[in-house]
Amino acid sequence: MILRRTLIRGRKLGTHIGHHYQASRLVSNPPQPKDITLELLLAAGAHLGHSTSLWNPSNQRYIFGIRQGIHIISLEQTAAHLRRAAKIVEGVVYNGGLVLFVGSRPGQDRCVVEAARMSGGCHLFEKWVPGTITNGKMIVGHGAVIEKDNADRENPEGPIENADPLRPDLVVCLNPLENYILLHECGLYGIPTIGIVDTDVNPTWVTYPIPANDDSLRCVQLVAGVLGRAGESGRLGRIQRAQMEEMYRAEER
């Protein structure tokens, strides 16, 4: 009886651990765009910029203040621009567009691949080959292109052989500093871009900047996960729309 009472009392000791921040879930189970909070961005280190001696004056509107010689990024600006970028990704995927996720820094490969998988797009985690967009026929060459309908079903006739290389409809760049040539080629062909803009990056390099800390792997994983979730929402919405259209056509017949 004494041992049993001791066990019962021991179970009541301590505190209950509720919902808490887990960095590993940013890749395995990223949040939805509607779940973006300032606390989540703060925990990911999205507010930390670079030294004041390295800042780009074009980022003045994104800076909240200075702390010990380091610029602090306004998380309200980060949340607003991240939600806007998520809507753009969702809209492009919903209309059948191709999204390219690029992240060439060490450790970004996993989140880039996962975001591309969720949105049904492409990924690149190595160095960009200059001229891939502007001179793709010479660099990439001709290859097989798989056609899919709005319901993500492949063409039963098989892939198209000797087709020209495809160009993305939207490029998400997680480290614009190392991929300036890619962003320049996208600008030449009118391809919109989304990029994480730190305090030392020129925000005019990308079409839709996201002011955040591009050196924090947690922050990059959070941004890539949110945009991947947005692409997944657009892809599922497109598939549902295609199924509803097929159902209406069958009823009319």
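Reference entry: report on the structure contained in this document. In this text the structure is predicted, and so the values were computed from the model without any measurement.

1. What about the environment of Pro 159?
Phase 1: Residue position: Pro 159 is located in the loop between strand 6 (143-145) and strand 7 (160-163).
Phase 2: Its relative accessible area of 43% is what places Pro 159 among the partly exposed residues.
Phase 3: For the pair Pro 159 and Lys 148, spaced eleven residues apart in the sequence, the C-alpha separation amounts to 9.6 Å.
Phase 4: If we ignore the near neighbours within four places in the chain, the residues touching Pro 159 are Ala 144, Val 145 and Ile 146.

2. Some points on the sheet that holds strand 10 (residues 208-211)
Phase 1: With respect to topology, five strands assemble into an open sheet ordered 5-4-8-9-10, the strand pairing being parallel. Two strands lie at the open edges of the sheet, namely strand 5 (122-124) and strand 10, each paired on one side alone. The average undirected angle you get between the axes of adjacent strands in this sheet is 20°.
Phase 2: When strand 8 (residues 170-173) meets strand 9 (residues 193-197), the two strands line up parallel, connected through three bridges. Residue pairing across strands places Cys 173 opposite Gly 195, the latter belonging to strand 9.
Phase 3: On top of the sheet, helix 7 (residues 180-188) reaches strand 4 (99-102), strand 8 and strand 9; it is set at about 160° to strand 8, its chief contact.

3. A closer look at unusual backbone geometry
Phase 1: Located in the positive-phi region is Gln 68, a residue other than glycine, with phi close to 55°.
Phase 2: With respect to the helices and strands, the residue Gln 68 is situated in the loop between strand 2 (63-67) and strand 3 (70-73).
Phase 3: Classification of Gln 68 by relative accessible area gives exposed; the value is 74%.

4. Describing a nonpolar patch on the surface
Phase 1: On the surface, a cluster of nonpolar side chains totalling about 390 Å² of accessible area is made up of Val 129, Met 138, Ile 139 and Val 140.
Phase 2: Looking at where Ile 139 falls in the secondary structure, it is placed in helix 6 (residues 136-139).

5. Remarks on the pattern of salt bridges
Phase 1: The full count for this structure, using the stated rule, is five salt bridges.
Phase 2: Taken together, the shared-partner salt bridges connect Arg 105, Glu 178, Asp 214 and Asp 215 into one network.

6. Here's the deal with the packing of helix 5 (residues 109-119) against helix 8 (residues 217-252)
Phase 1: The interhelical angle for the contact between helix 5 and helix 8, taken along N-to-C directions, is 10°, at an axis separation of 7 Å. Accordingly, the angle class assigned to the pair helix 5 and helix 8 is roughly parallel. As helix 5 runs across helix 8, the sense of the crossing is left-handed. For the pair formed by helix 5 and helix 8, the contact residues are Cys 111, Ala 115, Met 118 and Ser 119 on the first element and Val 220, Gln 221, Ala 224, Gly 225, Gly 228, Arg 229, Gly 231, Glu 232 and Arg 235 on the second.
Phase 2: Looking at the contact of helix 5 with helix 8, its residues break down into five nonpolar, five polar and three charged.

7. Some remarks on helix 7
Since one α-helical turn is 3.6 residues long, residues separated by three or four positions face the same way.
Phase 1: Considered for burial, the residues of helix 7 that qualify are Leu 182, Leu 183, Glu 185 and Cys 186. Down the axis of helix 7, the smallest arc covering the buried residues is 160°, so these residues share one side. Residues of helix 7 that are exposed and point more than 90 degrees away from the buried face comprise Gly 187 and Leu 188.

8. A word on helix 5
Phase 1: Within the span of helix 5, buried status applies to Cys 111, Val 112, Ala 115, Ala 116, Met 118 and Ser 119. Across the axial projection of helix 5, the buried residues extend over an arc of 165°, all falling on one side. Exposed residues lying more than 90 degrees from the buried face of helix 5 are Arg 110 and Arg 117.
Phase 2: One or two steps after helix 5, the chain reaches Gly 120, where phi turns positive at roughly 70°.

9. Section: the packing of aromatic side chains
The geometry of an aromatic ring pair is captured by two quantities: the separation of the ring centres and the angle between the planes.
Phase 1: With the rule as written, the count across this model stands at one aromatic pair.
Phase 2: For the pair Tyr 180 and Trp 205, a centre-to-centre distance of 4.8 Å together with 55° between the ring planes defines the contact as tilted. In this pair, Tyr 180 sits in helix 7 while Trp 205 sits in the loop between strand 9 and strand 10, placing the two residues 25 residues apart along the sequence.

Calculation criteria
- Residues numbered from 1 in each chain as written.
- Predicted model: local features only at pLDDT ≥ 70, side-chain atom pairs only at ≥ 80, totals over all residues.
- Heavy atoms only, no water.
- Helix = DSSP H or I, 4+ residues; strand = E, 2+ residues; numbered from the N terminus.
- Buried < 20%, exposed > 50% of the residue type's maximum accessible area, 1.4 Å probe, protein only.
- Contact = heavy atoms within 4.5 Å.
- Pairing = 2+ DSSP bridges.
- Axes fitted to C-alpha atoms, helices over the stretch in contact; angles between N-to-C directions.
- Patch = residues over 30% accessible without salt bridge, like charges linked within 9 Å, V, L, I, M, F, W, Y side chains within 5 Å.
- Areas by Shrake-Rupley, 256 points an atom, 1.4 Å probe, with all protein chains shown as cover.
- Salt bridge = Lys/Arg side-chain N within 4 Å of Asp/Glu carboxyl O.
- Parallel < 35°, antiparallel > 145°, perpendicular 65-115°, else oblique.
- Left-handed = near helix turned anticlockwise from the far one by under 90°.
- Nonpolar A, V, L, I, M, F, W, Y, C, P; charged D, E, K, R; others polar.
- Arc of directions from axis to C-beta.
- Phe/Tyr/Trp six-rings, centres within 6.5 Å; stacked < 30°, edge-to-face > 60°.

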